[in-house]
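Observations on the three-dimensional arrangement
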Amino acid sequence: MTKAMTISELELQIKALRQEFAADDGLPAGELSVKYLGKNGLFNQLAAVIGQLESTDRPEAGRLLNQLKAELEAAISKRLQEEEQQTEWVDLTIPGIRPPTGHLHPITQAISEITRIFERIGFTRVRYPEVDWDWYVFEALNMPQNHPARDEWETFFVDTPPHPERGRMVLTTHTSNGQVREMERLGQPPIRMINIGRTYRRQQDATHTQVFHQFEGLVVDKGINIQHLKGTIDYFAREFYGPEAKSRIRPFHFKFTEPSFEVDFSCHICHGTGYLEGQVDAETGGTHKCRFCKSGWHEVGGAGMVHPNVLKAGGIDPDEYTGFAFGWGVERTYSLKEGLNLDDIRLLYGTDLRFLEQF
Ligand code: PHE
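A few points on the structure. Not measured: the values here are computed from a predicted model.

So, on to the environment of Phe 292. Its location among the elements puts Phe 292 in the loop between β10 (287-289) and β11 (297-306). Note on Phe 292: relative accessible area 19%, which makes it buried. Sequence separation of Phe 292 and Ile 117 is 175 residues, and the distance between their C-alpha atoms is 26 Å.

Pasting the structure below:
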């Protein structure tokens, strides 16, 4: 037999329940209702003890329990009413929270900017295969099989059977493969092409990546000469780097251009002087050297007058037409832009948003 319970013990338990209810002040009405008045709630658990009371005590116990239940019900329904009245205040004039949006990758931005600059002077943007035959990448560009000039392009070869006339398949080492392809596409001058694409070389360090981008200009028409080349390069420098920017060409050698040049742009930090203006070295009294460029100029790539053999390979008569071409790295050209002193070009291809979001 369970030990009989007295009224005063019941009263103690009722008191304890009231205290617990008071401590649950912060709970919402729904939760209170389940906890106290639910089927297995605290009230029913307590009311079950009525069987343990002497039969003479039961009427009094019933009265006490009924009172407790009425109290709990009243308190919970009051809470429910309060909750229903609490309508949230909304200020419709507060600006919304803008969801984070991405933007184009800096290289994609550079490619569209370069495209727009050349389109303004009548160039057409084209794209050619980035996996192409040896013929377009080397041979048609006046670099016969086994010519040592090919060594400059650290080439990835694709392990497939060679084409009977066009030779092996390679990952394009430069966008110059577009030159003869564009001549074939148009059949005859005038040609004003800007070919931008991915290029591949066996190289990897802080200033070189195995995959990078180049943009290649090609102009072929009657009477095209070096002045047109220099004027185009100057125009690009001003448009891309700002009105102060200058370009210079230095003699160089490429098998597919004659004469050939390397192209430099003036350093935007020291304006081509190699020294920082107004900054005098306290110890020597001399002027500080520009650490960005060292000599005032940055080399960006190659250029030249299209070699007659290349025109011939593209089916164009070199006695009638002449042309110029240039090819530069997009990453290199872009990273020289004001404020972009990138000491590791690989950052551009990382996934670190803290870096990429700055552009
Ligand atoms: N294709 C050359 C390179 O990748 C650059 C170049 C293009 C030079 C066009 C002359 C004319 O280095």
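The next point concerns the pairing of strand β7 (residues 247-254). Note that β7 and strand β8 (residues 257-266) share seven bridges and pair antiparallel. Of the residues in β8, the one forming a bridge with Phe 252 is Ser 260. A loop of two residues connects β7 with β8, the two strands running antiparallel in sequence.

If you check the shell around the ligand, you find 15 residues, and the closest are His 174, Ser 176, Arg 201, Gln 214 and Gly 327. Between Trp 153 and the ligand, the recorded distance is 3.5 Å, taken from a side-chain N or O atom to an oxygen atom. At a separation of 2.9 Å, a nitrogen atom of the ligand approaches a polar side-chain atom of His 174. In isolation the ligand exposes 330 Å². Once the protein is present, 93% of that is buried. Put simply, the parts of the chain that give the shell around the ligand at least two residues each are β6 (211-221), β11 and β12 (322-329).

This part covers the side chain of His 174. Note on placement: His 174 falls in the loop between β4 (167-171) and α7 (177-186). At 2.9 Å, the side chain of His 174 forms a polar contact with the backbone oxygen of Val 137. The residues touching His 174, leaving out its near neighbours within four places in the chain, are Val 137, Leu 141, Met 143, Trp 153, Thr 199, Arg 201, Gln 214 and Phe 256.

Below, the discussion takes up the sheet that holds β11. Strand pairing in a sheet relies on backbone hydrogen bonds. The paired strands run either parallel or antiparallel. On the basis of which strands lie adjacent, the open sheet formed by seven strands has the order β1-β5-β6-β12-β11-β8-β7 and mixed pairing. Looking at strand neighbours, the two that pair on one side only are β1 (124-126) and β7, the edges of this open sheet. Each neighbouring strand pair of the sheet contributes to a mean axis angle of 25 degrees, computed without reference to strand direction. Direction of pairing for β8 relative to β11: antiparallel, over a ladder of eight bridges. Paired with Asp 264 across the two strands is Glu 299, which belongs to β11.

Attention now moves to the pattern of salt bridges. Evaluation of the coordinates by the stated rule reveals 19 salt bridges. Ionic pairing is found between Glu 113 and Lys 337, a salt bridge with its closest N-O pair at 3.0 Å. Of the two residues, Glu 113 is situated in helix α5 (residues 106-119) and Lys 337 in the loop between α10 (330-335) and α11 (353-356); the sequence distance between them amounts to 224 residues. On the basis of relative accessibility, which here comes to 18%, the residue Lys 337 falls in the buried class. A salt bridge links Glu 320 to Lys 222; the nearest nitrogen and oxygen atoms lie 3.4 Å apart. Linking Glu 320 in the loop between α9 (308-313) and β12 with Lys 222 in the loop between β6 and α8 (226-241), this pair joins segments that are 98 residues apart in sequence. We classify Glu 320 as partly exposed; its relative accessible area is 39%. For Lys 222, a relative accessible area of 51% gives the class exposed. In the salt-bridge network here, residues are joined through shared partners; they are Arg 248, Arg 250, Glu 262 and Asp 264.

Cut-offs used in this document
Note that residues are indexed from 1 along each chain, following the sequence as it is written. Two thresholds apply to this predicted model, a pLDDT of at least 70 for residue-level local features and 80 or more for giving and counting side-chain atom pairs, whereas whole-chain, interface and lining totals are computed over all residues. Side-chain numbers here rest on the full set of heavy atoms in the structure, without hydrogens or water. Secondary structure elements are defined from DSSP: runs of H or I of at least 4 residues count as helices, runs of E of at least 2 residues count as strands, and each element is numbered from the N terminus. Note on classification: 1.4 Å probe, protein chains only; a residue is buried when its accessible area is under 20% of the maximum for its type, exposed when over 50%, partly exposed between these limits. DSSP-based pairing: two strands are paired if at least 2 bridges between them are found. Proximity is defined per residue: if any heavy atom of the residue lies within 4 Å of a molecule or strand, that residue is considered near it. We call two N or O atoms a polar contact when they sit within 3.5 Å, provided that within protein one can donate a hydrogen and the other can accept it, with sequence-adjacent residues counted only if both atoms are side-chain atoms. Per-residue and other accessible areas follow the Shrake-Rupley method at a 1.4 Å probe size, with only the shown protein chains counted as cover for residues. In what follows, residue pairs with any heavy atoms lying within 4.5 Å of each other are defined as contacts. Interaxial angles span 0 to 180 degrees and are taken between N-to-C directions of axes, which are lines fitted to C-alpha atoms, for helices over the stretch in contact. Take a side-chain nitrogen of Lys or Arg and a carboxyl oxygen of Asp or Glu: if they are within 4 Å of each other, that pair is a salt bridge.

Interpretation in functional terms is not warranted from these geometric data alone.
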